[in-house]
Amino acid sequence: MSIARAVLLSLLVCAGAAQAETPAPLSPVGDVEALATLTGAASRSLRTARAIRGEFAQRRHLAGLTKPLESSGSFLFARDAGIEWHTQVPFDSQFLLTDSGITQRDEGGETLRIDASDQPALSVVSRVFFALFSLDFDALSHDFEMRGAREARGWRLELTPRSDALRKVFRKAALTGDAAVQRVVLEEGSGDSSTIDLSAVEFDARGLTPDERRRF
Amino acid sequence: MPASPGARTSRFWLALASAAALLAAFGALVVPHLRIETNLLALLPSTAENRLQLDAVKRFADRSSREIVFVVGTADRDLLRPAGLAFAIALGESGAFERVEFSVDDRYVTAARNERAVRTGLLSTRQRGLLERGDTAALERDALRAAYTPLGFTRPLSIAEDPLGLESGAFAEELPGTGRARLEGDILVVHADGRHWTVVRASVKGDPYRTETHGGVTSAIASGTTNARGVAADAQVDGSGVILHAAAAASKAQAEVATFGTIDLIAVVLLIVLVFRLLRPLLFTLVTLGLATCAAIAACHYAFGQVHILTLTFGTSLIGVSVDYSLHYFVNKLRDGDHAPHDIVPALILGCTTTVAGYLTLLIAPIPGLRQIALFSAVGLAVACATVILLYPGIDRREFPRSVPAWVGRFAALRVESLLPHAAWWLVVPALLGVTVWGLLGLEARDDVRSLQRPPPELVAQEQRVRGLLGVGFDTRFVLVTAPTPELVLQRLEALDPVLRKLAADGSINGHLSPFPSLQSVERQRRARELLERDVYAPGGVLDRVMTRLGFTPDSMAARHSEFQSARDRWLTPDAWLVSPLSAPVRHLWLGALGGDHAAVVLLDGNRAADSVRAAVDVQPGVQYVDQVADISHVLGEYRRIGSWLLLVVLTVMVACLLVFYRNAIAIRTALPAAAGIPLTLATLGLMHEPVNLFHVLSLLLVLGLGVDYAIILREGRSRQAVLAVFLSMTTTLISFGLLGFSSVPFVRSIGITVAFGVAFTFLIAVAAKPRFGEAAKPRH
């Protein structure tokens with residue numbers, strides 16, 4: 001099964017190379033090996049990284065708005081702690097996502113805390129975000145159907161929720177990348193969508209610094 | 001006997017016709033409608049302060065008894081969903097359940113979108129607080145944060161539809177949490193103990209306390225478990241729900257009725273065959289038992305509308321007790337030298353009256369279960385006695401070709417004084433007194449109703465696993481809110497909410513589950529809309545500012561305004577809420593109309609400081625803290641004390657009466673069996689480290705009746721027949737109650753061992769203290 005998929009994927013890689021710019025057709029990603037084969041270098045560096053740091057630029061397209069809402073800042077992914085999403089433009093706001101819930105801190109110092117046990121949807125958001133960085137097949141496969149293809153420069157992975165409940169939160173998530181995840185497009189259940197570009201991504205096998213750990 | 005032969009014949013035919021009518025009525029009218037109740041709570045006294053509370057507690061108990069939560073666990077995460085699904089499908093197809101929930105769909109989000117027009121007055125606690133304080137800046141900041149940061153991804157409505165996240169906020173707050181379970185794909189999952197677990201919730205169809213319902217539920221769970229194991233061989237299913245306890249208790253009780261009944265019957269048959277060596281007494285006795293049982297069941301059926309399974313368990317003792325009258329009758333016909341059979345009817349009536357009176361004393365405690373047992377036994381005994389007196393002489397006309405067995409003579413000759421040399425008594429009596437005092441000093445009382453009910457350990461372990469996995473600990477204690485109108489109930493729930501939040505902040509409870517905030521009073525919704533009109537929807541208000549800042553067109557801003565205006569005077573009412581999918585998680589807590597009033601229940605999670613919770617909650621108007629276990633335990637303790645005093649009073653009055661009627665020495669000999677047997681029984685319980693409760697005390701009242709009975713029959717009969725009759729009666733009673741001593745139901749066991757010991761002691765003392773046969777005594781007539 002996995003061998004067959006690997007063969008299929010390597011064929012797709014060749015096909016992708018031959019066809020250059022036209023998007024490659026997507027095929028199902030059924031197991032860990034298939035995902036590793038697809039994402040290549042990205043999955044190798046992800047496997048060893050304890051922490052990932054980088055910059056993000058987000059464009060949010062809302063229904064009723066002609067212009068997208070743009071924001072940017074830095075992010076920190078810690079395998080054993082969670083995700084810190086630090087928006088710096090247009091305002092300073094720190095968003096901490098852990099297994100137990102969400103904490104949001106503002107420049108004003110006000111802290112907003114939401115427990116995952118109070119809001120089942122939060123854990124879904126949390127897992128999608130984890131998935132963006134870790135490409136953890138086991139965690140993803142329960143929530144999403146995965147389809148992927150090699151592209152001219154790197155790869156493309158599409159996640160479709162398996163359940164109606166999830167589809168109300170995310171209709172679809174698409175990831176593209178090469179050695180790391182480069183772009184994430186989230187289509188929300190409400191019809192809004194977001195494009196997040198990641199840059200200056202740095203893999204760290206040692207994990208969080210003591211200063212970073214204090215923030216979680 | 002003064003009755004003429006003619007009167008006696010017509011009386012016989014009347015009795016025979018009545019017996020036939022009883023059997024016919026039992027078969028045709030009682031059996032088809034017979035309802036076997038298995039709810040142990042139905043046996044216990046109501047502690048409700050008023051009718052409303054009583055009805056509310058009943059309705060809630062009926063609803064919550066139907067709910068079962070299952071966890072299905074597998075070691076392989078990939079097999080979790082298929083295993084859970086196989087289990088859920090089997091439950092659904094069994095027809096035993098009204099509702100089986102496994103996969104989570106989008107019904108709540110869809111409902112929240114569909115019902116937007118009636119939800120404009122619902123606000124989350126945070127947003128309402130901000131509006132009340134006039135902190136519009138924070139409201140604006142929240143809205144912008146949601147638009148730019150990942151926080152916005154959790155919202156069911158788009159930013160264009162709900163720019164401030166007001167509806168999304170209210171929606172998120174009203175859905176109850178899932179404890180430790182998280183949504184993975186479309187199922188709720190907990191990872192623990194190296195396994196993966198998913199949750200299946202089910203609601204039982206039909207009366208949760210009917211044995212037919214239990215059968216359906218038990219076999220559905222069994223086939224569901226088999227199906228789940230077919231998917232994943234290591235699949236484990238644990239369940240938690242009141243009905244599982246009820247089913248276990250009922251099937252155990254049924255097994256006990258069958259076992260005890262059979263052993264009892266075999267013992268009675270053996271005893272009759274051994275003593276009489278004739279078929280006639282056996283047939284007569286069995287017919288008597290049949291009539292007595294039918295009459296007892298019919299009486300309970302008509303008096304209580306149902307027969308409790310524990311009444312039947314206890315009722316097996318009727319076999320041993322009601323057989324006494326037949327035994328007396330046939331023993332009296334045994335030949336014993338030149339001693340002629342005498343008229344035993346007065347003795348039978350006297351004996352029956354004292355025993356029935358003993359059972360009727362059980363009516364003093366307002367415990368429905370005990371009343372049923374009392375009625376069951378009293379009717380059974382009266383019918384058995386009447387059958388012997390009215391039917392036997394008409395059918396049993398032949399001579400009885402047997403004599404009193406020889407051993408009875410030796411037994412009858414037994415005398416206290418001749419047992420030991422006189423001097424030895426100076427050692428034996430103080431020693432016995434010492435042991436008795438030691439045992440009595442070791443006595444302790446335990447009135448906790450939980451010690452009266454012993455659920456199977458396997459079931460308790462399952463329940464603990466389910467609670468541990470899901471991380472929620474709702475127990476039997478809850479808060480009841482009542483008011484004359486639904487609106488007022490809601491306002492009281494709203495007033496209670498901050499009190500409970502404070503208790504949660506103190507750590508007294510983990511949290512609570514209430515129909516609020518899913519359903520809110522119109523008053524609260526109106527106030528919310530006033531706040532929104534003032535600060536949010538006013539021209540240049542928060543809505544305009546946020547939408548302008550985000551870059552929305554004036555058209556879309558106008559659309560939001562007109563939406564809000566068109567929802568004016570449209571409220572979420574209890575009727576609309578009850579039919580909405582959004583009410584499902586807490587619908588059972590809304591009790592609705594009860595007589596002229598309305599009620600709702602609030603459940604407490606992890607109630608650690610019951611006293612401070614009760615104190616904080618009870619001061620709220622229309623709010624009552626309900627702890628049935630503690631209240632019932634308290635009542636049981638009260639009645640144990642009352643019962644103990646009653647026992648003492650009855651004993652004193654009895655001795656006084658005997659002193660008046662008999663000479664001093666004889667009075668003391670007659671009273672001695674009961675008066676000494678009761679402390680001895682209590683001392684034995686103390687030595688056994690058996691904590692005493694109301695049921696022990698009430699059993700001692702029964703012992704008192706039986707003890708006096710034995711003494712009187714021995715005194716008045718003064719024959720070997722009397723000794724044999726009392727011996728047989730004691731033996732059958734001992735067997736019946738001794739068997740009850742092996743019951744798995746603690747209170748049946750309490751009654752069983754108390755009566756068994758009591759009867760054994762009083763019998764031994766009665767035989768030892770009986771007068772010499774030749775001794776002169778005042779004749780009865």
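Predicted model only: the values in this text are computed from it and were never measured. (Residues numbered from 1 in each chain as written. Chains lettered and ligands numbered in written order. Predicted model: local features only at pLDDT ≥ 70, side-chain atom pairs only at ≥ 80, totals over all residues. Heavy atoms only, no water.)

1. Quick word on the overall build of chain A
Alright, step 1. Looking only at helices and strands, one finds seven helices and 12 strands in chain A.
Alright, step 2. A separation of at least 24 residues holds for 47% of the contacts in chain A among residues at least 6 apart in sequence.
Alright, step 3. Counting every atom, chain A has about 9,500 Å² of accessible surface; 52% of that belongs to carbon and sulfur. (Helix = DSSP H or I, 4+ residues; strand = E, 2+ residues; numbered from the N terminus. Contact = heavy atoms within 4.5 Å. Areas by Shrake-Rupley, 256 points an atom, 1.4 Å probe, with all protein chains shown as cover.)

2. A closer look at the nonpolar core
Alright, step 1. B:Phe276, B:Phe737 and B:Phe747 are the most contacted members of the largest nonpolar core, which has 109 residues in total.
Alright, step 2. In terms of residues, this core owes the most to one element, helix H27 (residues 694-717) of chain B, which gives 15 residues.
Alright, step 3. In this structure, A:Val29, A:Leu35, A:Ile83 and A:Leu175 belong to the second largest nonpolar core, which totals 43 residues. (Core = buried A, V, L, I, M, F, W, Y, C linked by side-chain atoms within 4.5 Å. Buried < 20%, exposed > 50% of the residue type's maximum accessible area, 1.4 Å probe, protein only.)

3. Details of the pattern of salt bridges
Oppositely charged side chains may form a pair once their charged atoms are brought near each other.
Residues and elements named next belong to chain B.
Alright, step 1. Using the criterion set out here, one finds 41 salt bridges over all chains in the structure.
Alright, step 2. Close ionic contact of Arg-116 with Glu-563 constitutes a salt bridge, the shortest N to O distance being 3.0 Å. Here the residue Arg-116 occupies a position in the loop between helix H4 (107-114) and helix H5 (125-133), and Glu-563 occupies one in helix H22 (residues 554-566), the gap between them amounting to 447 residues.
Alright, step 3. In this structure Glu-563 comes out as partly exposed when scored by relative accessible area, which is 32%.
Alright, step 4. Bridged by salt links that share partners, the residues Arg-113, Arg-116, Glu-161, Glu-167, Arg-560 and Glu-563 form one connected network. (Salt bridge = Lys/Arg side-chain N within 4 Å of Asp/Glu carboxyl O.)

4. Focus on a nonpolar patch on the surface
Residue and element names in this part refer to chain B.
Alright, step 1. A surface patch of nonpolar side chains, about 310 Å² in accessible area, is lined by Trp-13, Leu-16 and Ile-395.
Alright, step 2. Take Trp-13: it is sitting in helix H1 (residues 5-30).
Alright, step 3. Taking relative accessible area as the criterion, Trp-13 reaches 52% and is therefore assigned exposed. (Patch = residues over 30% accessible without salt bridge, like charges linked within 9 Å, V, L, I, M, F, W, Y side chains within 5 Å.)

5. Points about the sheet that holds strand S9 (residues 154-161) of chain A
Residue and element names in this part refer to chain A.
Alright, step 1. Read from one edge of the open sheet, 12 strands run S1-S8-S9-S10-S11-S12-S2-S3-S4-S5-S6-S7, paired in antiparallel fashion. Two strands bound the open sheet, and with one partner strand each, they are strand S1 (27-28) and strand S7 (111-115).
Alright, step 2. In terms of strand pairing, strand S3 (residues 69-78) meets strand S4 (residues 82-89) through seven bridges, oriented antiparallel. Looking at S4, one finds that Ser-72 is bridged to Val-89. (Pairing = 2+ DSSP bridges.)

6. A short note on the domain arrangement of chain B
Residue and element names in this part refer to chain B.
Alright, step 1. With domains assigned, chain B is organised as domain 1 (5-34 + 246-441 + 631-768) and domain 2 (66-104 + 186-240).
Alright, step 2. The interface of domain 1 with domain 2 comprises four residues on the first partner and five residues on the second.
Alright, step 3. Summed over the shared surface of domain 1 and domain 2, the number is zero salt bridges.
Alright, step 4. Applying the counting criterion to the domain 1 and domain 2 interface returns zero residue pairs in polar contact (both at pLDDT 80 or more).
Alright, step 5. Looking at the side of domain 1 that touches domain 2 residue by residue, the class counts come to three nonpolar, one polar and no charged. (Domains from an automatic or database assignment. Polar contact = N/O pair within 3.5 Å; in protein donor to acceptor, adjacent residues only side chain to side chain. Nonpolar A, V, L, I, M, F, W, Y, C, P; charged D, E, K, R; others polar.)

7. A closer look at the packing of aromatic side chains
All names here are of chain B.
Alright, step 1. Across all of its chains, the model carries 16 aromatic pairs over all chains by this definition.
Alright, step 2. With centroids separated by 6.0 Å and ring planes inclined at 65°, the aromatic side chains of Phe-276 and Phe-330 adopt a geometry described as edge-to-face. In this pair, Phe-276 sits in helix H9 (residues 242-276) while Phe-330 sits in helix H11 (residues 309-333), placing the two residues 54 residues apart along the sequence.
Alright, step 3. When its relative accessible area of 1% is taken as the criterion, Phe-330 is described as buried.
Alright, step 4. On the basis of an interplanar angle of 80° and a centroid distance of 5.8 Å, the ring pair of Phe-284 and Phe-330 is categorised as edge-to-face. With a gap of 46 residues between them, Phe-284 in helix H10 (residues 279-304) and Phe-330 in helix H11 connect regions that are remote in the sequence. Phe-330 shares its class with Phe-284; the two are buried.
Alright, step 5. Here a set of aromatic residues connected by ring pairs shows up, and it is made of Phe-276, Phe-284, Tyr-329, Phe-330 and Tyr-392.
Alright, step 6. In this structure, Arg-195 packs its charged tip against the face of Trp-197, placed 5.9 Å from the ring centre. (Phe/Tyr/Trp six-rings, centres within 6.5 Å; stacked < 30°, edge-to-face > 60°. Lys NZ or Arg CZ within 6 Å of the ring centre and 35° of its normal.)

8. Some words on helix H3 (residues 41-48) of chain A
Residues and elements named next belong to chain A.
Alright, step 1. Where H3 is concerned, the buried positions are Ala-42, Ser-43, Ser-45 and Leu-46. Each buried residue of H3 sits inside an arc of 165° when the element is viewed along its axis, so together they form one side. For H3, the exposed residues set more than 90 degrees away from the buried face come down to Arg-44, Arg-47 and Thr-48. (Arc of directions from axis to C-beta.)

9. Overview of the state of the cysteines
Two cysteines form a disulfide when their sulfur atoms are joined by a covalent bond.
Residue and element names in this part refer to chain B.
Alright, step 1. Applying the stated criterion across every chain, the model contains zero disulfides over all chains.
Alright, step 2. Counting only cysteine sulfurs, Cys-385 is the nearest neighbor of Cys-352, a cysteine outside any disulfide, at a range of 3.9 Å.
Alright, step 3. Owing to a relative accessible area of 9%, Cys-352 belongs among the buried residues under this scheme.
Alright, step 4. The class of Cys-385 is buried, set by a relative accessible area of 4%. (Disulfide = S-S within 2.5 Å.)

10. Section: a negative patch on the surface
Alright, step 1. A contiguous patch of negative charge, built from A:Asp136, A:Asp138, B:Asp76 and B:Asp78, is present on the exposed surface.
Alright, step 2. Position of B:Asp76 among the secondary structure elements: in the loop between strand S2 (67-74) and helix H3 (77-94).
Alright, step 3. For B:Asp76, a relative accessible area of 37% corresponds to the partly exposed category. (Lys, Arg positive; Asp, Glu negative; His and termini not counted. Charge placed at Lys NZ, Arg CZ, Asp CG, Glu CD.)

11. Let's talk about the side chain of B:Ser633
Alright, step 1. With respect to the helices and strands, the residue B:Ser633 is situated in helix H25 (residues 628-661).
Alright, step 2. If sequence neighbours within four positions are ignored, B:Ser633 has contacts with B:Asp447, B:Asp448 and B:Val449.

12. Here we look at the interface of chain A and chain B
Alright, step 1. Taken together, the contact pairs 47 residues of chain A with 40 residues of chain B.
Alright, step 2. With both sides pooled, the region where chain A packs onto chain B buries about 3,800 Å², and carbon together with sulfur makes up 61% of that total.
Alright, step 3. Counting across the chain A and chain B interface gives zero salt bridges.
Alright, step 4. Applying the counting rule to chain A against chain B returns six residue pairs in polar contact (both at pLDDT 80 or more).
Alright, step 5. Considering every element that reaches the side of chain A that touches chain B, the biggest residue donor is helix H4 (residues 120-134) of chain A, with seven residues. (Buried area = accessible area lost by both parts, 1.4 Å probe.)

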